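Here are the chains, one letter per residue:
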Amino acid sequence: MNRGPLGPAKQRASRGGYGKPTIRSVTHRHFANVLVTLAIVLCAPSARAQACCAGASAITPGRLELHEKALIGSQLRVAGSLGTFNSQGRFRSNPPGASEVDFEQDLFASVRWLRRGQLSLLFPLLLSRRSSETTGTELGGGIGDLNLGLRYDLVRNRELSYLPGIGLLGGATFPTGRAPEDAKQPLASDATGTGATQLGLGLALERSFARWLLSATALLSKRFSREVNGVESELAPQLSAVIGASYTVSDEFAVALFTTYNYEADASIDGQRVSGTGRRQLRLSLACSAELDAFRLHGNAFLDPPVDGAGQNQTASVGAVIGVVWSFL
Amino acid sequence: MHVSRQVLGSLFATLALACSSSDAASGVNEVDLTSDSGALRVVVSSEPDTLPVRGLNQIYFDVRSSDSGQALDDLELSMTALMPSHSHGSPDVPPATALGGGRYRFDNVVLSMPGLWEFRTTVTGPLEDHVTPRFEVE
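Note that this is a predicted model, so its numbers are computed, not measured. (Residues numbered from 1 in each chain as written. Chains lettered and ligands numbered in written order. Predicted model: local features only at pLDDT ≥ 70, side-chain atom pairs only at ≥ 80, totals over all residues.)

Caption draft 1: Inspection of the overall build of chain B at higher detail. Within chain B, the regular secondary structure consists of 1 helix and 10 strands. Written out in order from the N terminus, the α and β elements of chain B read α-β-β-β-β-β-β-β-β-β-β. Counting only residues that meet the buried cut, chain B has 40% of its 138 residues in that class. In chain B, 56% of the contacts between residues at least 6 apart in sequence involve partners at least 24 apart. (Helix = DSSP H or I, 4+ residues; strand = E, 2+ residues; numbered from the N terminus. Buried ≥ 20, exposed ≤ 12 C-beta atoms within 10 Å, placed from the backbone. Contact = placed C-beta atoms within 7 Å.)

Laid out in structure tokens, this is it:
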């Protein structure tokens, strides 16, 4: 169904919430598209290169636009390992015979609650191909960790002239995937989860300026302890920050550039802090989104810069994501 | 819809792959250490490489008395391989096999990913102690 450049529901939304259905409305609509992309960029479990590296995901993909009540979507993510940052932040490329390529298929859905709230669910399916000199090549996968996300927009973008858009974020990740130590394959390619429950809280700010939208998001995630091979293991709380700028190119197309930085302090074993086990990761993402009738397409390319100091205890990856969202109701 | 084609064409942006290089210098590798109580001096080595690698390994412990330097043969060693920074371990490692001359071998030690690993090792028998060598696996 072709609803035209501005479908009836969007026109109502534009009149009700944002005044003139002119370039400004169009801009807002495409900012929303970009934010869907941002949400997915944020939520794509960072460093899926290893399932245990799942980062904080307080938001689930598929942010609803103003006029929408529900959506479903899917995205495919492909990532290849460039190497690893060691405990001192030095980058090492993969040794001879070692490689890793990860595929992830996410299914997600979002529904609106009250007027300003959104509830989202993410269901990941993972497939990994890994190789080493001593074990050869293996392939494994399965269901990953289920993610539930909440968003409540206290202030929408441009709703108040003196405040940016303010959104409260909450999220939970449940260990529905297979923990690495339970994997059957030597390189744990069939490990699909962290093995721990995770809860997150966050704050998202956004403000548009003509065709530009600037956004900043901060997420703090608490990972609960779990028993690993007879000891109590717990990761430190993780702080994730995302700063992005997007530009609405045309009625149907927008591009965006985002930087994601994850930080966490040292982990602990049996209540004792273990030095040198903190983690850092810097990721650069170039994203775009497009609207095709009731569907939205999104894609992004990402890179963890493989330079000393850009990470710690983390795999560096390069990859891409492509997805589609169908909004209805 | 008039820009759909260009939109679809733009979805696949070219990935910029930065050049990377390997630094041969090791990070915090420790192969010679003292047990928690200080009673044991332990030298850890591995096969197929001198340091543990991603994948399958055999880990050797050479255990001596810190005071006398005497090789200790009547010990029982059990190990748990952990990766604290990612909060996971490796599958269970069978107890070590005593080879004589204070030397012990753990077989089938699987390290599934690169990074900082700890071999949390418990010593039992005539004396009880703990030792935790750490290795950067590449």
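There is more to say after this.
Caption draft 2: Region of interest: the overall build of chain A. A count of helical and extended segments in chain A gives 2 helices and 19 strands. Every one of the 329 residues in chain A was classed for burial, and the buried ones make up 54%. Intrachain contacts of chain A at a sequence separation of at least 6 include 64% that bridge at least 24 residues.

Caption draft 3: Looking closely at the sheet that holds strand β14 (residues 268-269) of chain A. Residue and element names in this part refer to chain A. Sheet architecture is open: 4 strands sit in the order β10-β11-β14-β15, paired in antiparallel fashion. Only two strands of the sheet have a single partner each, and these edge strands are β10 (226-228) and β15 (272-273). Both β14 and β15 contribute to a ladder of 2 bridges, which runs antiparallel. Pairing of Ser268 across the sheet is with Arg273, part of β15. (Pairing = 2+ DSSP bridges.)

Caption draft 4: Local environment of the nonpolar core. Core analysis: the biggest nonpolar cluster contains 30 residues, and Phe61, Ala81, Val109 and Trp117 of chain B have the highest contact counts within it. Of all the secondary structure elements, the ones that give two or more residues to this core are β2 (40-47), β3 (55-65), β4 (76-83), β7 (103-111), β8 (115-124) and β10 (134-137) of chain B. (Core = buried A, V, L, I, M, F, W, Y, C linked by C-beta atoms within 7 Å.)

Caption draft 5: Highlighting the environment of Glu232 of chain A. Residues and elements named next belong to chain A. Looking at the secondary structure, you find Glu232 in strand β11 (residues 231-234). Through-space distance from the C-alpha of Glu232 to that of Asp270 is 4.7 Å; in sequence the pair is 38 residues apart. Excluding anything up to four places from it in sequence, Glu232 contacts Ser225, Glu227, Ile269, Asp270 and Gly271.

Caption draft 6: Highlighting the pairing of strand β3 (residues 99-113) of chain A. Residue and element names in this part refer to chain A. Alignment of strand β1 (residues 70-85) against β3, held across 11 bridges, turns out to be antiparallel. Paired with Val78 across the strands is Phe103, a residue of β3. Taking the residues between adjacent antiparallel strands as the criterion, β3 and strand β4 (residues 117-132) are bridged by 3 residues, where Leu114 takes a positive phi near 55°.

Caption draft 7: Geometry of the interface of chain A and chain B. Between chain A and chain B, the contact holds 59 residues from the first and 41 residues from the second. Looking at the side of chain A that touches chain B, the elements with two or more residues in it are β1, β2 (91-93), β10, β11, β16 (279-292), β17 (295-303) and β19 (314-328) of chain A. It is β16 of chain A that provides the largest number of residues to the side of chain A that touches chain B, a total of 5 residues. Counted by class, the side of chain A that touches chain B contains 32 nonpolar, 19 polar and 8 charged residues. (Nonpolar A, V, L, I, M, F, W, Y, C, P; charged D, E, K, R; others polar.)

Caption draft 8: Inspection of the sheet that holds strand β6 (residues 97-100) of chain B at higher detail. Residues and elements named next belong to chain B. Strand order across the open sheet formed by 5 strands is β1-β2-β3-β7-β6, with antiparallel pairing between neighbours. If you trace the sheet from one side to the other, it starts and ends with β1 (32-34) and β6, each paired once. Strand-to-strand twist across the sheet, computed as the mean angle between neighbouring axes with direction ignored, equals 30°. In this sheet, β2 lies alongside β1 in antiparallel orientation, the contact comprising 3 bridges. Of the residues in β2, the one forming a bridge with Thr34 is Arg41. (Axes fitted to C-alpha atoms, helices over the stretch in contact; angles between N-to-C directions.)

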